[in-house]
Amino acid sequence: EYLTEMTDIVLEEGGIIDKYQGDAIMAEFGVPIAVPDHADIAVRTGLKMQRRLKELRQEWNRKGLPMLYCRIGINTGPMIVGNMGSIQILDYTVIGDAVNLASRLEGASKRYGTFLMIPEFTCEYLLPGVFRMRVLDVIKVKGKSKAVKVFEVYGEISDTIDPDHELYYQNYHEGFEAYLSRDFAHALDKFQSALSLRPDDSAAKEMVARVDSLDPDLLPPDWDGSIALTTK
């Protein structure tokens, strides 16, 4: 039921199902037929999947069934697209670093307690003023040395949002900007304010602990605020 419902949304939005990998769905947008707003479509699809899954959890709860959650990683960039394989068996798919990053972001979401993560590369393609998002962190995914700024997408601008949630995101954003500027006292104050609004928030806890552990006098000149992830 879960895979069917999620697949329906991907297909309705013009995406293609590449494959099922265990309980994961791999999908692409903008291929094989190019569309100019493929990044917006992909992000909107992710939000629709999460909204539908929330509805399904309510139905499953009434039936006494286990609750299911999913994390989504989206990336935009150059990749090899086409029929891969052998003379006997072909698979229409995509390969490349940009593909691998999307997979890494899905896994990284667990660390921050988020459900839809995109990198700066996808942000560059999105129409401004459409989605609600906040910067989460600057990370180096496993096996890569280049830092990437990552964001959580938590809705569309047209969505109504609780004032406390809005204040949480504002505090976190200001805290992260101060963190990157090495204004750690201000960053800690803002992250603690965010944590007071969401006491169980993994992202705010992560940043409070990180700022607490930093020694500004020991930071190298090229410090970029990034953290290297050791797991996929």
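So, here's what we can say about the structure. Not measured: the values here are computed from a predicted model.

Calculation notes
- Here the residue numbers are simple positions, counted from 1 along each chain's written sequence.
- This being a predicted model, a pLDDT of at least 70 is required before a residue's local features are given, and a value of 80 or more before pairs of side-chain atoms are given or counted; all residues contribute to the totals for chains, interfaces and linings.
- The side-chain numbers reported here are obtained from all heavy atoms of the structure, hydrogens and water having been left aside.
- Every helix listed is a DSSP run of H or I at least four residues long, and every strand listed is a run of E at least two residues long, numbered separately from the N terminus.
- For the radius of gyration, the atom set is restricted to C-alpha positions; the globular benchmark scales as 2.2 Å times the number of residues to the power 0.38.
- Each residue's exposure class comes from its accessible area (1.4 Å probe, protein chains only) as a fraction of the maximum for that residue type: buried when under 20%, exposed when over 50%, partly exposed otherwise.
- Contacts between residues were defined by any pair of non-hydrogen atoms, one from each residue, lying within 4.5 Å.
- In short, Shrake-Rupley with a 1.4 Å probe defines the accessible areas, and a residue's cover is counted only from the protein chains shown.
- The convention is simple: Lys and Arg are positive, Asp and Glu are negative, and His and the chain ends are not counted.
- To locate a charge, the coordinates of NZ of Lys, CZ of Arg, CG of Asp or CD of Glu are taken.
- At least two DSSP bridges between two strands are needed for those strands to be called paired.
- Side-chain rings of Phe, Tyr and Trp (the six-membered ring for Trp) are treated as a pair once their centres are within 6.5 Å; stacked means planes under 30 degrees apart, edge-to-face means over 60, and tilted covers the remaining angles.
- The rule for a charge over a ring is simple: NZ of Lys or CZ of Arg within 6 Å of the ring centre, and within 35 degrees of the ring normal.
- Multiplying 1.5 Å by the helix residue count minus one yields the expected span of that helix.
- The angle between two axes is taken between their N-to-C directions and runs from 0 to 180 degrees, where each axis is a line fitted to C-alpha atoms and a helix contributes only its stretch in contact.

What follows is about the overall build of the protein chain. Helix and strand counts for the protein chain come out as seven helices and nine strands. For a compact globule of 232 residues, the expected C-alpha radius of gyration is about 17 Å, and the protein chain comes in at 19 Å, within 12% of that figure. With the principal axes as the frame, the protein chain shows a C-alpha extent of 60 × 45 × 30 Å. Within the protein chain, the proportion of its 232 residues that are buried is 41%. Taking contacts inside the protein chain between residues at least 6 apart in sequence as the whole, the part at least 24 apart equals 59%. Of the roughly 12,800 Å² of accessible surface on the protein chain, 53% is carried by carbon and sulfur atoms. Side-chain charges in the protein chain split into 26 positive and 36 negative, and the spacing between the mean points of these groups amounts to 4 Å.

Now for the pairing of strand β6 (residues 116-119). Consecutive side chains of a regular strand alternate in pointing toward one face of the sheet and then the other. Along β6, one buried face is formed by Leu116 and Ile118 and the opposite face, lined by Met117 and Pro119, is buried too. Across two bridges, strand β3 (residues 72-73) lies against β6 in parallel orientation. By the bridge assignment, glycine 73 is partnered in β6 with methionine 117. As defined by bridge partners, β6 adjoins strand β8 (residues 148-156) across three bridges and the pair is classed as antiparallel. Its bridge partner being in β8, proline 119 is matched across the sheet by valine 150.

Per the counting criterion, the structure on display carries nine aromatic pairs. Ring plane angle 40 degrees and centroid distance 6.2 Å describe the contact between tyrosine 168 and tyrosine 172, whose orientation is recorded as tilted. Residue tyrosine 168 and its partner tyrosine 172 are both found in helix α5 (residues 163-180); the two are separated by four residues, about one turn of the helix. The exposure class of tyrosine 172 is buried, given its relative accessible area of 0%. Plain terms: the ring middles of tyrosine 179 and tryptophan 223 are 5.2 Å apart, the flat faces sit at 80 degrees to each other, and that makes the pair edge-to-face. One end of the pair, tyrosine 179, is in helix α5; the other, tryptophan 223, is in the loop between α7 (202-213) and β9 (227-228), and 44 residues separate them in sequence. Of the two residues, tyrosine 179 and tryptophan 223, neither departs from the other in class, the shared state being buried. Members of the aromatic cluster, joined through ring pairs, are Tyr154, Tyr168, Tyr169, Tyr172 and Phe191. The ring of tyrosine 172 carries the charged tip of arginine 134 above its face, separated from the ring centre by 4.5 Å.

Topologically, valine 135 is positioned in strand β7 (residues 131-140). By relative accessible area, which is 4% here, valine 135 ends up buried. Valine 135 sits 18 residues away from methionine 117 along the chain, and the two C-alpha atoms are 9.7 Å apart. Look past the residues within four positions of valine 135 in its chain and what remains in contact with it is Lys149, Val150, Phe151, Tyr172, His173 and Phe176.

Bringing helix α2 (residues 38-62) into the picture now. An ideal rise of 1.5 Å per residue puts 36 Å on 25 residues; α2 measures up with 36 Å between its terminal C-alpha atoms. Just downstream of α2, glycine 64 is the residue with a positive phi angle, here 75 degrees.

Let's shift gears to the sheet that holds β6. The strands making up a sheet associate through hydrogen bonds between their backbones, and the pairing can be parallel or antiparallel. In spatial order, the strands read β3-β6-β8-β7-β9; together these five strands make up an open sheet with mixed pairing. Both edges of this open sheet fall to β3 and β9, since each of them pairs with a single strand only. Bridge analysis of β7 against β8 gives eight bridges, and the strand direction is antiparallel. Of the residues in β8, the one forming a bridge with isoleucine 139 is valine 148. α2 rests against β3, β6, β7 and β8 of the sheet, and its axis sits at about 55 degrees to β8. The sheet strands contacting α7 are β7 and β9, and the helix crosses β7 at an angle near 40 degrees.

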